[in-house]
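Next come the chains, spelled out residue by residue.
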Amino acid sequence: MDETASATAASILSEPGAPVVVFDRVQLAFDDKVVLKDVSFTLIKGHTKIILGASGAGKSITLKIILGLLRADGGVVWVNGARVDQLSERELMPVRADLGMIFQEGALFDSLTVRENVGYKLYEETDMPIEDVDRRVEEVLGFIGLSEHIDKMPSELSGGQRRRVAIARAMAFKPRILLYDEATTGLDPITATTVDDEIIKLRDLEGVSSIVVTHQLRDAFYIATHMAVRDSGGAVRILPATPEKADEAEFIMLKDGLICFEGNAEELRSSTDPYLRQFLT
Amino acid sequence: MLAFIVNWLKKAALEVQEYMRLIGATMRGVVTPPIYRHDIVEQFDQIGIGSLTVVLLTGFFTGAALASQTGITLDQFGARPVVGRLVSASIVTELGPVLTALMLTGRIGSGIAAELGSMVVTDQVSALRALGTDPIRKLVVPRVLAGLVMAPILTIVSDFVGIVGGWIVSRFQLQVASGQYWSSVTDVLFIQDVQQGLIKPFVFGFMIVTIACHVGLRTKGGTQGVGRATTIAVVAGSVSIIAMDFFITQVLVTLLY
Ligand SMILES: Nc1ncnc2c1ncn2[C@@H]1O[C@H](COP(=O)(O)OP(=O)(O)OP(=O)(O)O)[C@@H](O)[C@H]1O
Ligand SMILES: [Mg+2]
């Protein structure tokens, strides 16, 4: 990409409503097992894409393709104006700087403390002064309610706490796109709601664009139908979303390597498709 | 049957290609930034200091056993006093480097394969990449550097305690005078032997670590895969060392002597 083209791309991407992630006819197979046959979708800046699908439908794979951790066999993948499917590992690094991923099993570094995990990118890959990184790590852990665990090792945490540390690690460097892979699966409803509120706050207050992969419909609907607002006193409240806001969250259902449903929460609820109905009940 | 062989050959070729690619990327990682200093220091400690005990023990007992064995053989020729020569020559050129390398494969090779393997199957390696770190620079380069430096040092330590082990047996079991033992140890030690004894562990250290990293990073299939990777790293590492020892010896003997 030459100078003017990238400048144009940057100006397009800074507009509201800009597409930050675009999947165009993406295909992927492992040996002869086809995982994604033909998948296309667009994530608009500041919006939420909720990916549903049975186990093995290819949800995690989709997120890994966005990060460039896996390469699709066919199709085009744009992230922030870069062709992720064509970039080399080195060229992918700047793209990844704007992407935060919460891995399905957390993928915390088990030889590092919570503090080192959360600050990993800032400590290791940026020139940010140590004191600033420490401050940021403490801020993020406070945000997610884990301040007292800062010096523990991941193995000393519960599953839900690990999940929240993973979220803290992904948001610590303030990426503008966050990818959540089953961030609430296996959590009790109260902790799950805390995590959901976190996702909503990041989206509505920080302008983060999110892709949420989940099995838990309860959480999916909650994220889609709520919004965060900061009232005049500066306190953050989670409220039911206005219809326009709810439209900014779009559901995708993956099945047999294809997208079998695409629409907002209302459309998903009222769908009569037998497979969807089965999934919803 | 033919299809099976072709398939196997293809797989082997792919494996070698990937291994070479890893080595290339590692070389690049050594000479270009970013360098992860903290990890390098940690690996020097783990690989070097961590292996000291095992190397001391094997070195010592090998030297001791060697002395009592050769003592019996030498008696048949009434040549018991030259036991030091045999001990030092075999330890410095062969047994020291090879046995140290084999012990390191068991300790370091398996550890690296298990550690990297579990990082792969729990997505920690993916997480590193997602966070902007090149796993080769972060994980492989520090281990390779530590292996390259520490294998020769540990071999020297092992050689030394082996010769000391030989001396104890010679002195107290074979009743060879200490002065005689030590002078025969140093008398026959040609500079070529020492060179050979130092070049080998360099190569072995490099091989142990790169093979283990390669196998670890290509782990597939959950916890079971980690177990498999560990076994492969040890078996492939050990076999390569013994085979490589033969080839290096051939080359060095023609070049040096
Ligand atoms: N490295 C791999 N090698 C071979 N097959 C793979 C690999 N990774 C994933 N798959 C296959 O791809 C398919 C999709 O995997 P993926 O992890 O995306 O599922 P998922 O939709 O996230 O499921 P879950 O809800 O259980 O996490 C699965 O059938 C899986 O067997
Ligand atoms: Mg998954």
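What comes next is a walk through the structure. (Residues numbered from 1 in each chain as written. Chains lettered and ligands numbered in written order. Predicted model: local features only at pLDDT ≥ 70, side-chain atom pairs only at ≥ 80, totals over all residues. Heavy atoms only, no water.)

Each helix and strand in chain B was counted, giving nine helices and zero strands. The principal-axis extent of the C-alpha atoms belonging to chain B is close to 65 × 50 × 35 Å. When the accessible surface of chain B is summed, it comes to about 12400 Å², and 71% of that surface belongs to carbon and sulfur atoms. Taking the average place of the 17 positive charges on the side chains of chain B and the average place of its 14 negative ones, the gap between the two points comes to 7 Å. (Helix = DSSP H or I, 4+ residues; strand = E, 2+ residues; numbered from the N terminus. Areas by Shrake-Rupley, 256 points an atom, 1.4 Å probe, with all protein chains shown as cover. Lys, Arg positive; Asp, Glu negative; His and termini not counted. Charge placed at Lys NZ, Arg CZ, Asp CG, Glu CD.)

Residue and element names in this part refer to chain B. Tracing the backbone through its elements, the reader meets leucine 52 in helix H3 (residues 52-75). A sequence separation of 29 residues divides leucine 52 from proline 81, and the C-alpha atoms of the two residues are 31 Å apart. Setting aside residues no more than four positions away along its own chain, leucine 52 makes contact with Leu154 and Val157. (Contact = heavy atoms within 4.5 Å.)

Quick look at the coordination of the magnesium ion (ligand 2) now. The magnesium ion (ligand 2) binds to the protein through Ser60 of chain A (OG) and Gln104 of chain A (OE1); the donor distances cover 1.9 to 2.2 Å. Here serine 60 of chain A, found in helix H2 (residues 59-67), pairs with glutamine 104 of chain A, found in the loop between strand S6 (99-102) and helix H4 (114-118); they are 44 residues apart in sequence, far enough to count as distant. (Donors = N, O, S within 2.8 Å, 3.2 Å for Na, K, Ca; no water.)

This brings us to the pattern of salt bridges. Residues and elements named next belong to chain A. Counting across every chain of the model gives 29 salt bridges over all chains. We note a salt bridge from aspartate 204 to arginine 203, for which the minimum N-O separation is 2.9 Å. In this structure, arginine 218 and aspartate 219 form a salt bridge, with 3.2 Å as the shortest nitrogen-oxygen distance. (Salt bridge = Lys/Arg side-chain N within 4 Å of Asp/Glu carboxyl O.)

Let us look at the packing of helix H4 (residues 83-121) of chain B against helix H8 (residues 191-217) of chain B. Axis angle and axis distance: for two packed helices, these are the angle between their axes and the distance between the axes, and together they describe the pair. Residue and element names in this part refer to chain B. Direction vectors running N to C along H4 and H8 enclose 15°, while the axes themselves pass 8 Å from each other. Relative to H8, H4 is oriented roughly parallel. In the crossing of H4 with H8, the sense of the turn from one axis to the other is right-handed. Class assignment of the residues belonging to the contact of H4 with H8 gives a composition of 17 nonpolar, seven polar and three charged. (Axes fitted to C-alpha atoms, helices over the stretch in contact; angles between N-to-C directions. Parallel < 35°, antiparallel > 145°, perpendicular 65-115°, else oblique. Left-handed = near helix turned anticlockwise from the far one by under 90°. Nonpolar A, V, L, I, M, F, W, Y, C, P; charged D, E, K, R; others polar.)

Bringing the packing of aromatic side chains into the picture now. In this structure the tally under the stated criterion is eight aromatic pairs over all chains. Ring geometry for phenylalanine 221 of chain A and phenylalanine 251 of chain A: centres 5.3 Å apart, planes at 40°, overall tilted. One end of the pair, phenylalanine 221 of chain A, is in helix H9 (residues 217-224); the other, phenylalanine 251 of chain A, is in strand S11 (residues 249-255), with 30 residues separating them in the sequence. Between tryptophan 167 of chain B and tryptophan 182 of chain B, the ring centres sit 6.4 Å apart and the planes meet at 40°, which makes this aromatic pair tilted. Taken together, the residues tryptophan 167 of chain B in helix H6 (residues 135-172) and tryptophan 182 of chain B in helix H7 (residues 178-187) connect sequence positions 15 residues apart. Judged by its relative accessible area of 31%, tryptophan 182 of chain B falls in the partly exposed class. Taken together, the aromatic side chains of Trp167, Tyr181 and Trp182 of chain B make up a single cluster linked through ring pairs. The side chain of lysine 255 of chain A reaches across the aromatic face of tyrosine 275 of chain A, ending 4.3 Å from its centre. Here the guanidinium or amino end of arginine 171 of chain B rests over the ring plane of phenylalanine 172 of chain B, the centre of that ring lying 5.2 Å away. (Phe/Tyr/Trp six-rings, centres within 6.5 Å; stacked < 30°, edge-to-face > 60°. Buried < 20%, exposed > 50% of the residue type's maximum accessible area, 1.4 Å probe, protein only. Lys NZ or Arg CZ within 6 Å of the ring centre and 35° of its normal.)

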